[in-house]
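This is what each chain is made of:
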Amino acid sequence: MRLDLNNTVNTADAAASETVDHGPVTWRDFVQLAKPGIIFSNSITAFGGFWVASGWQINWLQMLFTLIGTALVMASGCVLNNYLDRDMDTKMARTQKRALPSGKLSAQTVMLYGIILGVIGICGLGLLVNPMTALLGLMGLFGYVWIYTAWFKRTSVWSTFVGSFSGAIPPVIGYCAVRPDIDAGAIILFGIMFLWQPPHFWALGIRRMEEYRAAGFPLLPVVRGTYVTKISMVRYIVLLVPVSLLLYVYGYVNVFYFYAAAIMGLYWAFLCIKGFKAQDEELWAKKMFIYSINYLTLLFIIMVITTVSTNH
């Protein structure tokens, strides 16, 4: 399925112009456009990547520059995602009251806001951290906005897979802020985030399946059903468990992380398998979604705590 972007843009602008103003624009509207929840959770992974690469020898100012620059790049991607998705957002209950689809902010303002955030973030990483982090930020931003949002999200069931490449960049930026090389540590962190994202997002997709269907998103649960989606979720989680353990194998963390990551990953796989017999799929999907967030947060917190203070 392929949608005409020109037509959808015109439709979105027309819909926004017909909506009722919901009051004056405030700073909170701009904050919400940047999706602070996503920025916070991904900043934890960037922090984890920085800490693992540092081995407890922390350059605090460098860390601050890295986290701010990464957050600005992520905020840019989220804002531009809102800009490109404004036609779809008017059709979904959970998004239609946002500042852009409701008509509170103009499309031009949002686009300019997103571009400015991206420029500041990438330049900040390049000038205050190192060129590698800026390159990674630019690659992640381009992939998320143009390859994922503008292309695959509207046209292909593979959108979640494609979007996971960009979503896996934050911990690598954090890592490469200390070690500007794509070595084993960077690859493992990328693998963890890449494999975590599809089951996390598909849980939301199953829970909000009818909304995605109404909006026209060819998400896996919408196109191929929940059974196929659950099988795909199991595949990713089963791969995630051994990949997450590689941080211990390569000596970045101690044995406590090994056992914690194994237990949390296997329990997530157990929850996923239980979904095949779930009587209430929406309730099961909600539990999976919440667990996925807690899993990622705890995994990176434990990763930081158990980081081995030796050079690699």
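These figures come from a predicted structure and were not determined experimentally. (Residues numbered from 1 in each chain as written. Predicted model: local features only at pLDDT ≥ 70, side-chain atom pairs only at ≥ 80, totals over all residues. Heavy atoms only, no water.)

Tallied over the full model, the rule gives 24 aromatic pairs. Ring centres of Trp 51 and Trp 56 lie 5.0 Å apart, and the angle between their planes is 80°; on these two criteria the pair is classed as edge-to-face. Considering the side-chain rings of Tyr 144 and Tyr 148, the 5.5 Å spacing of their centres and the 25° angle between planes classify their relative orientation as stacked. Pair noted here: Tyr 144 and Tyr 148 are both in helix H7 (residues 131–155), with a separation of four residues, about one helical turn. We classify Tyr 148 as buried; its relative accessible area is 9%. In this structure an aromatic cluster arises from ring pairing among Trp 158, Phe 161, Phe 165, Phe 190 and Phe 194. Over the aromatic face of Tyr 83 sits the side chain of Arg 86, whose NZ or CZ is 4.3 Å from the ring centroid. Its end group placed over the ring of Trp 284, Lys 230 keeps NZ or CZ at 5.2 Å from the ring centre. (Phe/Tyr/Trp six-rings, centres within 6.5 Å; stacked < 30°, edge-to-face > 60°. Helix = DSSP H or I, 4+ residues; strand = E, 2+ residues; numbered from the N terminus. Buried < 20%, exposed > 50% of the residue type's maximum accessible area, 1.4 Å probe, protein only. Lys NZ or Arg CZ within 6 Å of the ring centre and 35° of its normal.)

Here we come to the pattern of salt bridges. Within this structure, the stated rule accounts for six salt bridges. A salt bridge links Glu 211 to Arg 208; the nearest nitrogen and oxygen atoms lie 3.2 Å apart. Taken together, the shared-partner salt bridges connect Asp 85, Lys 153 and Arg 154 into one network. (Salt bridge = Lys/Arg side-chain N within 4 Å of Asp/Glu carboxyl O.)

Here we take up H7. For H7, with 25 residues, the first-to-last C-alpha span of 33 Å sits near the 36 Å given by 1.5 Å per residue. Along H7, the helix axis deviates most sharply at Tyr 148, where the bend reaches about 45°. Near the N-terminus of H7, the side chain that reaches the backbone nitrogen of Met 132, with its oxygen 3.1 Å away, is that of Asn 130. (Expected span 1.5 Å × (residues − 1). Bend = angle between axes of the 7 residues up to and from the residue. Polar contact = N/O pair within 3.5 Å; in protein donor to acceptor, adjacent residues only side chain to side chain.)

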